[in-house]
Amino acid sequence: MVGEGAVLRRMIDAGRISSFILWGPPGVGKTTLAQIIANRLQTPFYTLSAVTSGVKDVREVIDKAGKNRFFNEASPILFIDEIHRFSKSQQDSLLGAVERGTVTLIGATTENPSFEVIRPLLSRCQLYVLRSLDKDDLEGLLRRAVTQDVVLRERKIELRETTAMLRYCGGDARKLLNILELVVESFGRESEVVITDEVVVRSLQQNPLAYDKDGEMHYDIISAFIKSIRGSDPDAAIYWLARMIEGGEDPKFIARRLVISAAEDIGLANPNALLLANAAFDAVQKIGWPEGRIPLAEATVYLATSPKSNSAYLAIDTALELVRSTGNEPVPLHIRNAPTKLMKDLGYNDGYKYPHDYPGHFTPQQYMPDNLVSERIWHGQNSPAEEKLRQRMVDWWGERYKD
């Protein structure tokens, strides 16, 4: 984004930037990038944290920014960390100032903005996605820290092995530097520090909260959790749930993944799984910690022990691929809506058979576009519940649903 010729770099070089939101995991430089831009543009820089600020704070900063702005100067930058934590009313209070250019908004979020940021604010901002830092980035950061930091460079630090530190930090530069500091401190007053994977593991085991508080190996553990549910292993699923709870994971994140798993992995084999997962999500929001662990555990065991089917998941992906490959196929005339006389005269809704007028509330007729009549998208899978659904389709549609 800031490389030679990149979009953000061009705006910085031009001396004016538009409002934007940075979306990425913790510790990838969202706040640092905002501060660098402000320094480069030499413009006033105001910071608010969505965790501690309210509408009053937002309005005070906007008022101050408006009074301090002069003609032909770049708008002051308002940086809001954790912008996804702002309520709708707090986000609404930003709209006028962003629209008028009173401030240039830079928001930072670790959550999907399409779910957490209101649409009017999103439409006024560009969205830039930051990825987790890779191995080369993190190793470069470590080398720079031990050679340039005022304190660390006096300790004669040798980075003999870095695999463990990179594994534990999970792409989070802030966490990586905390681990480095912790490991160096474990050597006491020794002037020479030799860092190996064994030393790192030993140091972190002695101080688990130094890296567990924000969720150790966040992505690996949630992957293990979901795959244990999918693989029908309730013991493993509960173990990984406990790891996330003990590591300080956001309970709403766990609950969201349970809802997804219920739809994707259990699906039509047991539709009640989705109801229970949603109920667990609601319960966690209502009762919080520590009791929230109980409905999460109930949903986890229920999903892990349920029959499995991904037929709905496969069906929607198949349908999406079909839509992309065939384009905008016209809706058959007989199932189009006909609210006006002109539409009726053109044949809209002509010949449509109202299923409730027929025995069993069913009568065969064409619902797919003319060119896709022979396409088969949903395939029932081998579970008692889906076999019953498939047999019903065979009774109604005949050969079409005989796999």
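As a reminder, the structure under discussion sits directly above these lines.
Our subject in this report is the structure included herewith.

The rules behind these values
- Residues numbered from 1 in each chain as written.
- Predicted model: local features only at pLDDT ≥ 70, side-chain atom pairs only at ≥ 80, totals over all residues.
- Heavy atoms only, no water.
- Pairing = 2+ DSSP bridges.
- Helix = DSSP H or I, 4+ residues; strand = E, 2+ residues; numbered from the N terminus.
- Axes fitted to C-alpha atoms, helices over the stretch in contact; angles between N-to-C directions.
- Contact = heavy atoms within 4.5 Å.
- Phe/Tyr/Trp six-rings, centres within 6.5 Å; stacked < 30°, edge-to-face > 60°.
- Buried < 20%, exposed > 50% of the residue type's maximum accessible area, 1.4 Å probe, protein only.
- Lys NZ or Arg CZ within 6 Å of the ring centre and 35° of its normal.
- Right-handed = clockwise from strand over helix to strand, strands pointing away.
- Core = buried A, V, L, I, M, F, W, Y, C linked by side-chain atoms within 4.5 Å.

**Some remarks on the sheet that holds strand β5 (residues 126-129)**
And step 1. Across the sheet, five strands lie side by side as β2-β3-β4-β1-β5; this open sheet has parallel pairing. Two strands in the sheet have a free side with no partner beyond their single neighbour: β2 (45-49) and β5. Here the average twist between neighbouring strands, direction ignored, is 20 degrees.
And step 2. Sheet topology places strand β1 (residues 20-23) next to strand β4 (residues 104-109); four bridges connect them, and they run parallel. Along β4, the bridge assignment pairs Leu 22 with Ala 108.
And step 3. Along the sheet, helix α2 (residues 30-41) contacts β1, β2, β3 (77-81) and β4; its crossing angle with β3, the most-contacted strand, is approximately 175 degrees.

**Quick notes on the packing of aromatic side chains**
And step 1. Scanning the entire structure with this criterion turns up four aromatic pairs.
And step 2. Between Phe 45 and Phe 79, the ring centres sit 6.2 Å apart and the planes meet at 20 degrees, which makes this aromatic pair stacked. Residue Phe 45 is found in strand β2, and its partner Phe 79 is found in strand β3; the two are separated by 34 residues along the sequence.
And step 3. Classification of Phe 45 as partly exposed rests on a relative accessible area of 26%.
And step 4. In this structure Phe 79 comes out as buried when scored by relative accessible area, which is 1%.
And step 5. The interplanar angle of 10 degrees and the centroid separation of 4.9 Å between the aromatic rings of Phe 362 and Trp 396 together place this pair among those described as stacked. Linking Phe 362 in the loop between α18 (341-345) and α19 (384-397) with Trp 396 in helix α19, this pair joins segments that are 34 residues apart in sequence.
And step 6. The exposure class assigned to Phe 362 is buried, which follows from its relative accessible area of 17%.
And step 7. Just above the ring of Tyr 168 sits the side chain of Arg 167; from NZ or CZ to the centre is 5.1 Å.

**As for the pairing of β3**
The side chains of a regular strand alternate between the sheet's two faces.
And step 1. Burial runs high along β3: four of the five residues are buried.
And step 2. Bridge analysis of β2 against β3 gives five bridges, and the strand direction is parallel. Bridging from a neighbouring strand, Tyr 46 pairs with Leu 78 of β3.
And step 3. Direction of pairing for β3 relative to β4: parallel, over a ladder of five bridges. Across the sheet, the residue bridging to Asp 81 is Ala 108, located in β4.
And step 4. Handedness of the β3-helix α4 (residues 88-100)-β4 crossover: right-handed.

**Points about the nonpolar core**
And step 1. Grouped together as the largest cluster of nonpolar side chains are 25 residues, with contacts concentrated most on Leu 176, Ile 179, Leu 180, Ile 195 and Val 200.
And step 2. For this core, the secondary-structure elements that each account for two or more residues are α7 (135-148), α8 (163-169), α9 (173-185), β7 (193-195) and α10 (197-206).
And step 3. It is α9 that provides the largest number of residues to this core, a total of seven residues.
And step 4. Residues within four places of Ile 179 in sequence aside, it is in contact with Met 165, Tyr 168, Cys 169, Val 200 and Leu 204.
And step 5. Leu 241, Met 244, Ile 266 and Ala 304 belong to the second largest nonpolar core, which has 24 residues in total.

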